[in-house]
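# Structural overview for review
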Amino acid sequence: MTGPERDPRTAEQPSAERPQADQPLEERPRTDQPTADQPPANQPPGGQPRRSGLRNPEGAVRGLGAGTLGLEALVLLLAIQPIRVVGGDLSGTAIGVVVALAVVAVLLAGSMRRPWAWHAGTVFQGLLMLAGLLHWSLLALGIIFALVWAYALHVRRVILG
């Protein structure tokens, strides 16, 4: 061939629409903006705007609740030995109660799809504070995680409406 070779893919587009390598970014046409036949990214196809920018707000809220309860179970299990070492007089029954609370937290974390799980999680926070009768540090953990749970409920109310 005597002339410059052309790519058949670029020959179909007019040169005004193609970004040139030497053209500044500000002057290049934007490809991330929706066209007239596409709805904006924050609206579902039905035309109603979503309340949040999340793709799956229910799943995000469930993940928040499950993560909170899972972290709570882990902290409860890890707190047994420091309580015993620092001077907590935990009996076998008290350790059993703490382990049972951790198991309940894990079970609740796994059942966050059910509508009653959020109410059960709130009751669980009260049970943990009630376990403060066994040792004061369990009351402190109960208060801390009750505040975290209250924040998770607030986020749930804001996202889901």
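Summary of the structure given here. The model shown is predicted, which means the values in this text are computed figures rather than measured ones. (Residues numbered from 1 in each chain as written. Predicted model: local features only at pLDDT ≥ 70, side-chain atom pairs only at ≥ 80, totals over all residues. Heavy atoms only, no water.)

In this section: the overall build of the chain. Scanning the chain for helices and strands turns up 5 helices and 0 strands. For the chain, the α and β elements follow one another from N to C terminus as α-α-α-α-α. Every one of the 161 residues in the chain was classed for burial, and the buried ones make up 25%. Summed over all atoms, the accessible surface of the chain reaches about 11500 Å², with 60% contributed by carbon and sulfur. (Helix = DSSP H or I, 4+ residues; strand = E, 2+ residues; numbered from the N terminus. Buried < 20%, exposed > 50% of the residue type's maximum accessible area, 1.4 Å probe, protein only. Areas by Shrake-Rupley, 256 points an atom, 1.4 Å probe, with all protein chains shown as cover.)

A contiguous nonpolar surface patch, about 340 Å² in accessible area, is contributed by Leu77, Val99, Val103 and Leu107. Among the elements that make up the nonpolar patch, the one with the highest residue count is helix H3 (residues 92–110) (3 residues). Relative to the assigned elements, Leu77 resides in helix H2 (residues 57–86). Residue Leu77 is classed as partly exposed on the basis of its relative accessible area of 43%. (Patch = residues over 30% accessible without salt bridge, like charges linked within 9 Å, V, L, I, M, F, W, Y side chains within 5 Å. Salt bridge = Lys/Arg side-chain N within 4 Å of Asp/Glu carboxyl O.)

One finds Leu69, Leu76, Leu101, Met112, Phe124, Leu138 and Leu141 to be the most contacted residues of the largest nonpolar core, which totals 25 residues. Looking at this core, the elements that each hand over two or more residues are H2, H3, helix H4 (116–130) and helix H5 (136–160). Beyond its immediate sequence surroundings of up to four residues, Leu141 is in contact with Val75, Leu76, Ala79 and Leu128. (Core = buried A, V, L, I, M, F, W, Y, C linked by side-chain atoms within 4.5 Å. Contact = heavy atoms within 4.5 Å.)

Moving on: the packing of H3 against H4. In contact at an axis separation of 10 Å, H3 and H4 are set at 165° when each is read in the N-to-C sense. Taken together, the axes of H3 and H4 are roughly antiparallel relative to one another. As H3 runs across H4, the sense of the crossing is left-handed. Along the contact surface, H3 presents Leu101, Val104, Ala105 and Leu108, while H4 presents Trp116, Ala117, Ala120, Gly121, Phe124, Leu127 and Leu128. (Axes fitted to C-alpha atoms, helices over the stretch in contact; angles between N-to-C directions. Parallel < 35°, antiparallel > 145°, perpendicular 65-115°, else oblique. Left-handed = near helix turned anticlockwise from the far one by under 90°.)

Attention shifts here to the side chain of Ser137. Its place among the elements puts Ser137 in helix H5. Separated by 2.7 Å, the side chains of Ser137 and His135 make a polar contact. (Polar contact = N/O pair within 3.5 Å; in protein donor to acceptor, adjacent residues only side chain to side chain.)

Residue placement: Gly67 occurs in helix H2. By relative accessible area, Gly67 is classed as partly exposed at 41%. In this structure the C-alpha to C-alpha distance between Gly67 and Val106, which are 39 residues apart in sequence, comes to 9.6 Å.

A few words on H5. Along its 25 residues, H5 runs 36 Å from first to last C-alpha, staying within 8% of the 36 Å computed at 1.5 Å per residue. Those residues of H5 lying buried are Ser137, Leu138, Leu141, Gly142, Phe145, Trp149, Ala152 and Val155. On the buried face of H5, the contacting elements are H2, H3 and H4. A positive phi of about 85° marks Gly161, the residue just after H5. (Expected span 1.5 Å × (residues − 1).)

Residues lying three or four places apart along an α-helix face the same way, a consequence of the helix completing one turn every 3.6 residues. With 15 residues, H4 ought to run about 21 Å at 1.5 Å a step, and its terminal C-alpha atoms sit 21 Å apart, in line with that. Taken as a whole, H4 has its buried residues at Ala117, Trp118, Gly121, Phe124, Gln125 and Leu128. Seen end-on, H4 carries its buried residues on one side only, within an arc spanning 105°. Within H4, the exposed residues directed more than 90 degrees away from the buried face are His119, Val123 and Leu130. Tucked inside the fold, the buried residues of H4 contact H2, H3 and H5. (Arc of directions from axis to C-beta.)

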